[in-house]
Amino acid sequence: MTARCVRTLSGSLQLLLRNRWPKPPPAQYGGRHTVTLIPGDGIGPELANHVRELFRFCCVPVDFEVVNVDSTMDSEDDINNAIMAIRRNGVALKGNLETNHNLPPSYKSRNNLLRTTLDLYANVMHCQSLPGVRTRHRNIDIMIIRENTEGEYSSLEHENVPGVVECLKIITRTKSLRIADYAFRTAREKGRTRVTAVHKANIMKLGDGLFLECCKEVAGGYPEITFDSMIVDNTTMQLVSRPQQFDVMVMPNLYGNVVSNVCTGLVGGPGLVPGANYGEDYAVFETGTRNTGKSIANTNTANPTAMLLASCLLLDHLKLHAYANMIRRAILSTVTETRLHTADLGGQGSTSEVVQSIMKAVESTGPRTLSL
Amino acid sequence: VVQDLTQFDVLIMPNLYGDILSDLCAGLIEGLRVTPNGNIGINRVAIFESVHGTGPEIASLDLANPTTLLLSAIMMLCHMGLHYDRNKIQTVLTKDLGGISKCSEFTADICPQRESDLKCTFTVATIL
């Protein structure tokens, strides 16, 4: 943004824009980074092991500090330990922690707690059609930026009258401006030309109306990027009929959850799309749709692609671009091999076969690796 | 729903999710032009409507596709218990349409022009 653009904006927006992109932590102990690893539940632990195996094989200068979080315990000590570890290291790779909805309302979602405590305000998912994966629509390239810390996930519910529950959806000007600015900055950095705000402001006039107004305000500072808005129900309909029309999408928390899952389904499923959560000071990487995969845990059938691509995003964040690109190329070449597709893509391949194939692909490109 | 819609039969949900999912499912079956809609209240009070917009740009031009409202009317007859009349219309609609998913094929079969050229009254007359 030019200085002239910044001066024309309101005071709160100027204050916001003084904050810079989150800086990755400096390398420590002989050029090796330390990253917090939270295996999570379901398929999380086995996928975390595959990531460690692959990183060890490729001689990536990353050491993992593993922090196990037991999501069944009432006490929040485990998640607080994990948060402390992430504050120490600055970066984390995480599997999803199950939130059983039969637990009492006092039990807060561990994932939500982690995101709000560390203020990981932007959830970014890049849904791209992959060659070799057969889907109904082709040439999809959508970047979804979802507000991660407020909205419908504020966990503020009460029951004043028995049988009548009120749930508060919180939309604030500060956070809406922040996420809108993040979306436009990302669009500019990636050379994208259009940002679409998804809302339901015709019904939630104050809440989503505020969000939309903030997006319009931020759009004024990015004249080269086209801004438009779309109501969420129309958005989902357009996504399943003509998804190629979308470029970058920015939206509050719940719509982000729905839209990101729809887009993931359009490009091939939850096993393929990585997700990233960025804050001012911290970054946490995980699978895009945050599935625990309890039903396929320990069966060696989970698709490791999403978690491995998330680890590539982690390497990019640590500015280890050479390693990130090397592993990403190997993963994409393996995904095109239909013979190795896992069950979610309609194949018979196992998780370990896919990982072995990725390691062979890395080895064949010639860098220094450990032996297979 | 996007990956495998055959796994679902009846879906029940609160207002907002229903708004989102109904439009999503309508998009999967080629749009709101073939989606009937009914709002049922207590004491069997009900309003049946089409869910697409008012279409001011094509009003009074005999261009609108009457399918949605016809299908909603069929739902209304079912709600009122007029099954004989409902079956009569539904059979003809199904025969002419070849099933809801072939609505566009129906218009193409009846008339080789583009769908937008087809007159609304012509479509209804064909069904009668």
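Residues numbered from 1 in each chain as written. Chains lettered and ligands numbered in written order. Predicted model: local features only at pLDDT ≥ 70, side-chain atom pairs only at ≥ 80, totals over all residues. Heavy atoms only, no water.

A. Quick peek at the overall build of chain B. Scanning chain B from N- to C-terminus turns up five helices and two strands. A burial count over chain B gives 24% of its 128 residues as buried. Contacts in chain B between residues at least 24 apart in sequence constitute 48% of all its contacts with a sequence separation of at least 6. As displayed, chain B offers around 8,500 Å² of accessible surface, 60% of which is attributable to carbon and sulfur atoms. (Helix = DSSP H or I, 4+ residues; strand = E, 2+ residues; numbered from the N terminus. Buried < 20%, exposed > 50% of the residue type's maximum accessible area, 1.4 Å probe, protein only. Contact = heavy atoms within 4.5 Å. Areas by Shrake-Rupley, 256 points an atom, 1.4 Å probe, with all protein chains shown as cover.)

B. Broad picture of the environment of Thr334 of chain A. Residues and elements named next belong to chain A. Residue position: Thr334 is located in helix 11 (residues 321–335). In this view, Thr334 contacts Leu340, Val354, Ser357 and Ile358; residues no more than four positions away in its chain are not counted. A distance of 2.8 Å separates a polar side-chain atom of Thr334 from the backbone oxygen of Ala330. (Polar contact = N/O pair within 3.5 Å; in protein donor to acceptor, adjacent residues only side chain to side chain.)

C. Structural context of the state of the cysteines. The final tally for this structure, using the stated rule, is zero disulfides over all chains. Free of any disulfide, Cys59 of chain A has its nearest cysteine sulfur in Cys58 of chain A, 7.6 Å distant. (Disulfide = S-S within 2.5 Å.)

D. Spotlight on the nonpolar core. Residue and element names in this part refer to chain A. Ranked by internal contacts, the top residues of the largest apolar core, which has 94 residues, are Phe55, Val62, Leu239, Val250, Phe285 and Ile327. Residues within four places of Val62 in sequence aside, it is in contact with Arg32, His33, Val35, Phe55, Leu315, Leu318 and Leu320. With 16 residues, the next largest nonpolar core counts Ile38, Ala85, Leu97 and Leu118 among its residues. (Core = buried A, V, L, I, M, F, W, Y, C linked by side-chain atoms within 4.5 Å.)

E. View of the interface of chain B and chain A. With 13 residues of chain B at the contact, the number on the chain A side is 19 residues. Both sides together, the interface formed by chain B and chain A hides about 1,300 Å², and carbon and sulfur atoms give 71% of it. Taken together, chain B and chain A are joined by one salt bridge. Counting the contacts that link chain B with chain A gives two residue pairs in polar contact (both at pLDDT 80 or more). (Buried area = accessible area lost by both parts, 1.4 Å probe. Salt bridge = Lys/Arg side-chain N within 4 Å of Asp/Glu carboxyl O.)

F. How the structure looks around the pairing of strand 5 (residues 141–147) of chain A. Residues and elements named next belong to chain A. With six of seven residues buried, strand 5 is to be regarded as a mostly interior element. Where strand 4 (residues 122–128) lies against strand 5, seven bridges are found, and the strand directions are antiparallel. Residue His126 lies in a different strand from strand 5, and its bridge partner there is Met143. The pairing of strand 5 with strand 10 (residues 248–251) spans four bridges and is classified as parallel. Counterpart to Ile144 in the pairing with strand 10 is Met249. (Pairing = 2+ DSSP bridges.)

G. How the structure looks around the side chain of Thr287 of chain A. Tracing the sequence through the fold places Thr287 of chain A in strand 12 (residues 283–287). Those residues in contact with Thr287 of chain A that lie beyond four places of it in its chain are Val273, Pro274, Gly275, Ala306 and Met307 of chain A.

H. Layout of the pairing of strand 7 (residues 164–167) of chain A. All names here are of chain A. As judged from the three bridges shared by strand 6 (residues 157–161) and strand 7, these two strands associate in the antiparallel manner. Pairing of Val161 across the sheet is with Val164, part of strand 7. Between strand 6 and strand 7, which pair antiparallel and follow one another directly, the connecting turn spans two residues, one of which, Gly163, has a positive phi of 90°.

I. Quick look at the pattern of salt bridges. Residue and element names in this part refer to chain A. Scanning the model with the defined rule gives 17 salt bridges over all chains in all. Its salt-bridge partner being Lys200, residue Asp233 comes within 3.2 Å of it at the nearest N-O pair. With Asp233 in helix 8 (residues 232–241) and Lys200 in the loop between strand 8 (194–199) and helix 7 (207–219), this pair connects stretches of sequence that are 33 residues apart. In this structure, Asp233 and Lys200 share a single accessibility class: buried. Where salt bridges share partners, they join Lys94, Glu286 and Arg290 into one cluster.

J. Spotlight on the domain arrangement of chain A. Residue and element names in this part refer to chain A. Once the domains are mapped, chain A shows domain 1 (28–126 + 272–367) and domain 2 (136–267). Contacts between the two partners involve 18 residues from domain 1, matched on the other side by 20 residues from domain 2. In total, domain 1 and domain 2 occlude about 1,700 Å² of area from one another, counting both sides; carbon and sulfur atoms represent 50% of this. The largest per-residue losses of area from domain 1 upon contact with domain 2 belong to Tyr121, Met125 and His126, which jointly make up 36% of the total buried on that side. Where domain 1 packs against domain 2, one counts one salt bridge. Notably, a salt bridge pairs Asp119 with Arg178, separated by 2.7 Å at the nearest N-O pair. The interface formed by domain 1 and domain 2 holds ten residue pairs in polar contact (both at pLDDT 80 or more) in total. Secondary-structure elements contributing two or more residues to the side of domain 1 that touches domain 2 are helix 5 (110–117), strand 4 and strand 11 (274–278). Looking at which element gives the most residues to the side of domain 1 that touches domain 2, the answer is strand 4, with five residues. When grouped by side-chain class, the residues that make up the side of domain 1 that touches domain 2 number eight nonpolar, six polar and four charged. (Domains from an automatic or database assignment. Nonpolar A, V, L, I, M, F, W, Y, C, P; charged D, E, K, R; others polar.)

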